[in-house]
Each structure stands twice: as structure tokens, then as C-alpha cells.
Amino acid sequence: MSAYLETVSRLHLPRCPVTLNAERLDAISISTRLSAAGVNHISRIAGDTWLLPDDPALPGWGESPLQASQIAHLAKAGRGRVAVFPTGAPDAMELVATVRVRLPSVLDTVRRGRGRSEFLLLAVGRGGSSWPEELWLTDVATADPAALLQLVGHSRRVECRGVPRAERVGIRDFVGRSFAGWHRHATLASVAHAATELAERRLAA
């Protein structure tokens, strides 16, 4: 994350929303830091992440923190079907519930005039007893669920296609000890990854 923020600042790159999987990371710390830096983001989070519900319409709403999975279950009745793709085919629909939340660690930051206090918990699934299948936290609180699912789709494509392709071209095969060696290995693997991706696109066209 530090490398991303430094690169964006140094090269004056457009600040597009960051999509990441923070299920095994400190999602609250990451969201707090990105928000304080003015970077929009959407992060997949673990069900036991503690959040403060900030929606009076939510059953059981109060000032006590709840785990993200608990908030999602409280919002289950308000789920709506959202088309994942423009076709709107029945098998391309997902059940989505959104709840406004706050991060406990963000309150002091907002009082000092930095960061944003509004966050949205996005619960996603296809119904059944496994609700919710995914939980996402974002500071793009004004976006509609369809737009947020498009961002979620980027992460899914990386996990389903990007990671296996990176492993096929040898990103995990480095056995040296120096940073320079790792840098060369990662650069060559990245070039191979890009070449493979472009070749597959040309074949599919």
C-alpha cells in the first residue's frame, strides 16, 4: 500500500478506486489509511470485522459495534437483485444488501479534518443458507450497487484468471536472496504475464 500511495503521488497518476482483498489483513487499518490519503477504495473483508452500523433503518441499529457478518444478516430482508452483466440474464444476478457503517478508528481522524466518515458495507451472495458469501467495505458510499459490483468483478477476475496465469509464468519460482535478483525475476515474470494475456486476447478475437 505504501508503494502504491508513493507511486501515485510521485507520478501524479489518476486516483482510480483501489480494489483489494483484505480478508486476511487488517481491513480497518487499510481503509483508514487509504481514506486519510483521499483514495477511494473497496476491500473484501472478513466476517468478524467490527464495524459501527450507521443506518437507523437497520433492525437492531444502535451505537454498539457489530461484526460485519451480523450486520449483513440484519440487512438480509432488504436485499435486492442486481445484474452483474448488462445482459441481465437470470444466472448473472446477485443478491446485494448495502448498509452505511462507520469505522471505529476513523472517528478521530475525521474530527481532525482528514479522511471520510461515510462507509458502506456491501454484502453479496446468491441466496440460500450461505448468506452472505462475500463482504466488501467501501468509502464510495454514494455509488449504486451495480457500480460497486463492477469493481468487485475486477478482484474476482484477478483471483480466477490473473493469479493462475502469474503462477504459470513462474512468479513464485524465485529462489535467490537479493532484492535486485527478485526485481529482475518479477520484471521478467510480469512481461511474460502481459505477453500471455495479449496473446490469449488475440486468439479469442
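Treat the numbers as computed from the prediction; the structure is a model and nothing was measured.

So, on to the overall build of the chain. Of the regular secondary structure elements, the chain holds six helices and eight strands. Secondary structure elements of the chain, listed N to C terminal, follow the sequence α-β-α-β-β-β-α-β-β-α-β-β-α-α. Evaluated residue by residue, the chain yields a buried proportion of 37% over its 205 residues. Of all intrachain contacts in the chain linking residues separated by at least 6 positions in sequence, the fraction that spans at least 24 positions is 50%.

Moving on, we get to the confidence of the model for the chain. Of the residues in the chain, 86% reach a pLDDT of 70 or more, and the chain-wide mean stands at 81. Within the chain, helix 4 (residues 107–111) has the poorest average pLDDT of any element, 45, and strand 8 (residues 134–138) the best, 94. With pLDDT under 50 throughout, residues 86–90 is counted as low confidence; its partners more than four residues away or in other chains account for two contacts. pLDDT under 50 marks residues 107–115. Its contacts with residues more than four places away, or in other chains, come to twelve contacts.

Okay, the pattern of salt bridges next. Using the criterion set out here, one finds nine salt bridges in the structure. For Glu23, the salt bridge goes to Arg44, with nearest N and O atoms at 3.4 Å. Pair noted here: Glu23 is in the loop between strand 1 (18–21) and helix 2 (27–36) and Arg44 is in strand 2 (residues 41–44), with a separation of 21 residues, a long-range link. For Glu118, the salt bridge is made with Arg100, and the minimal N-O distance between the two is 3.6 Å. Separated by 18 residues along the polypeptide, Glu118 in the loop between helix 4 and strand 7 (119–125) and Arg100 in strand 6 (residues 93–102) bring together distant segments of the chain. The class of Glu118 is partly exposed, set by a relative accessible area of 45%. By sharing partners, the salt bridges in this structure join Arg165, Arg168, Glu197, Glu200 and Arg201 into a single network.

Burial along strand 2 is two-sided: the residues His41 and Ser43 and Ile42 and Arg44 are all buried. The pairing of strand 1 with strand 2 spans four bridges and is parallel. Counted as the bridge partner of Thr19 is Ile42 from strand 2. Taking the sense of rotation as the criterion, the β-α-β connection linking strand 1, helix 2 and strand 2 turns out right-handed. Taken together, the three bridges between strand 2 and strand 8 define a ladder with antiparallel strand orientation. When the sheet's bridge partners are listed, Ser43 is paired in strand 8 with Leu137.

On to the nonpolar core. Ile45, Leu51, Ile71, Val101, Leu121, Leu135 and Leu137 are the most contacted members of the largest nonpolar core, which totals 28 residues. If you list the elements that add at least two residues to this core, you get strand 1, helix 2, helix 3 (68–74), strand 6, strand 7 and strand 8. Not counting chain neighbours up to four residues away, the residues in contact with Ile71 comprise Leu51, Pro53, Leu58, Leu66, Val99, Val101 and Leu121. Core analysis: the second largest hydrophobic core is formed by twelve residues, Ile42, Val96, Leu120 and Leu122 among them.

This part takes up the pairing of strand 7. Burial analysis of strand 7 places seven of its seven residues in the buried class, which makes it a mostly covered element. Alternating positions in strand 7 separate into two faces, Phe119, Leu121, Ala123 and Gly125 on one and Leu120, Leu122 and Val124 on the other, with burial throughout. Here strand 6 pairs with strand 7 via seven bridges, running antiparallel. Counted as the bridge partner of Thr98 is Leu122 from strand 7.

You can see Asp139 is positioned in the loop between strand 8 and helix 5 (145–168). For Asp139, the side chain forms a polar contact with the main-chain nitrogen of His41, separated by 2.9 Å.

Rules used in this analysis
- Starting afresh in each chain, residues are numbered from 1 along the sequence in its written order.
- With the structure being a predicted model, the display of local features is reserved for residues of pLDDT at least 70 and the display and counting of side-chain atom pairs for 80 or more, all residues being used for whole-chain, interface and lining totals.
- Here the side-chain values reflect all heavy atoms present in the structure, with hydrogen atoms and water set aside.
- By definition, any uninterrupted DSSP run of H or I lasting at least four residues is a helix, any uninterrupted run of E lasting at least two residues is a strand, and each is numbered from the N terminus.
- Relative accessible area decides the class of each residue, using a 1.4 Å probe on protein chains only: under 20% of the type maximum gives buried, over 50% gives exposed, and in between gives partly exposed.
- Contact definition: two residues touch when any of their heavy atoms are within 4.5 Å.
- Values of pLDDT, ranging from 0 to 100, describe the predictor's confidence in every residue of the model.
- The rule for a salt bridge is simple: a side-chain nitrogen of Lys or Arg has to be within 4 Å of a carboxyl oxygen of Asp or Glu.
- Each pair of strands is called paired provided DSSP finds at least two bridges between the two strands.
- Here is how to tell: hold the view so the strands point away, follow the path from the first strand over the helix to the second, and if it runs clockwise the crossover is right-handed.
- Among buried residues, the Ala, Val, Leu, Ile, Met, Phe, Trp, Tyr and Cys ones that are joined through side-chain atoms within 4.5 Å form a nonpolar core.
- N or O atoms closer than or at 3.5 Å make up a polar contact, with two conditions inside protein: a donor-capable atom paired with an acceptor-capable one, and, for residues adjacent in sequence, both atoms drawn from side chains.

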